[in-house]
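# Inside the fold
Residues per chain, in single letters:
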Amino acid sequence: MLVAYTKNGRVIGNQGKIPWKLASERDRFKELTAGKSIIMGRTSFEEIGHALPYCTIIILSKTMRSVPSGCLLAHSLNKALKLCKNEILIAGGQEIYQQTINIATKVYATEIEADFDGDRFFPELQGNWKRTVEARKEEAGIKYEYVYYEKISEQEK
């Protein structure tokens, strides 16, 4: 999974948009998604608006009938997973995260240390996860951390 959310409240979106603008997030998105299959919902895709040359975007939507050239369309999570040819990242939104949180084994998160209004949220991680802070940053007066979570088994605890 790949996600950015507020530490307080776990906000990921508000009225179909990401409520913050962090230029470094685009760079991190590109770095983490290069060469991978990315599954995202229609609203999350609309935030990007076009295919990306460095990854395969699979749009998971029950209502869309066509997608831009360079993207793939799936009407169910099972169909989306079957379209993936390589490593898979889930990139939102809320409903897609809720459907896949229990099968995730890794989460690349940007945890934002600011409060934003929101109507879409990232679910709590259930089970045992190892949290590693990769970097602490500040941009446009907003402090945030790049964090990597990896699911661990009972034996690894």
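So, here's what we can say about the structure. What you are looking at is a predicted structure, and each value in this text was computed from that prediction instead of being measured.

As a volume, the largest pocket reaches approximately 1,400 Å³. Thr43, Ser44, Glu47, Ala91 and Gly92 are, among the 44 residues lining the largest pocket, the residues nearest its centre. Secondary structure elements with two or more residues in the lining of the largest pocket: β1 (2–6), β2 (11–13), α1 (23–33), β3 (37–41), α2 (42–48) and α4 (94–100). When the residues that make up the lining of the largest pocket are grouped by side-chain class, the tally is 17 nonpolar, 16 polar and eleven charged. Approximately 230 Å³ is the volume attributed to the second largest pocket. Listing elements by their share of the lining of the second largest pocket, those giving two or more residues are β6 (88–90) and β7 (106–112).

A separate point is the pairing of β1. Of all five residues in β1, five are buried, a share of seventy percent or more. Because side chains alternate across β1, one face comprises the buried residues Leu2, Ala4 and Thr6, and the other comprises Val3 and Tyr5, equally buried. Bridge count between β1 and β7: five bridges; the pairing is parallel. Looking at the pairing, threonine 6 lines up with isoleucine 112 of β7.

Spatially, four strands are ordered β5-β4-β3-β6 in an open sheet, and the strand pairing comes out parallel. Looking at which strands have only one partner, the edges of the open sheet turn out to be β5 (71–74) and β6. Strand-to-strand twist of the sheet, defined as the mean angle between neighbouring strand axes without regard to direction, takes the value 25°. Strand direction decides the pairing type here: β3 and strand β4 (residues 56–60), joined by five bridges, are parallel.

So, how was this worked out
Residues numbered from 1 in each chain as written. Predicted model: local features only at pLDDT ≥ 70, side-chain atom pairs only at ≥ 80, totals over all residues. Heavy atoms only, no water. 1 Å grid on protein atoms, 1.4 Å probe; cavity = no way out; pocket = protein on both sides within 12 Å on 5 of 7 lines; lining within 4 Å. Points joined across faces, edges and corners; volume = space filled by probe spheres on them. Helix = DSSP H or I, 4+ residues; strand = E, 2+ residues; numbered from the N terminus. Nonpolar A, V, L, I, M, F, W, Y, C, P; charged D, E, K, R; others polar. Buried < 20%, exposed > 50% of the residue type's maximum accessible area, 1.4 Å probe, protein only. Pairing = 2+ DSSP bridges. Axes fitted to C-alpha atoms, helices over the stretch in contact; angles between N-to-C directions.

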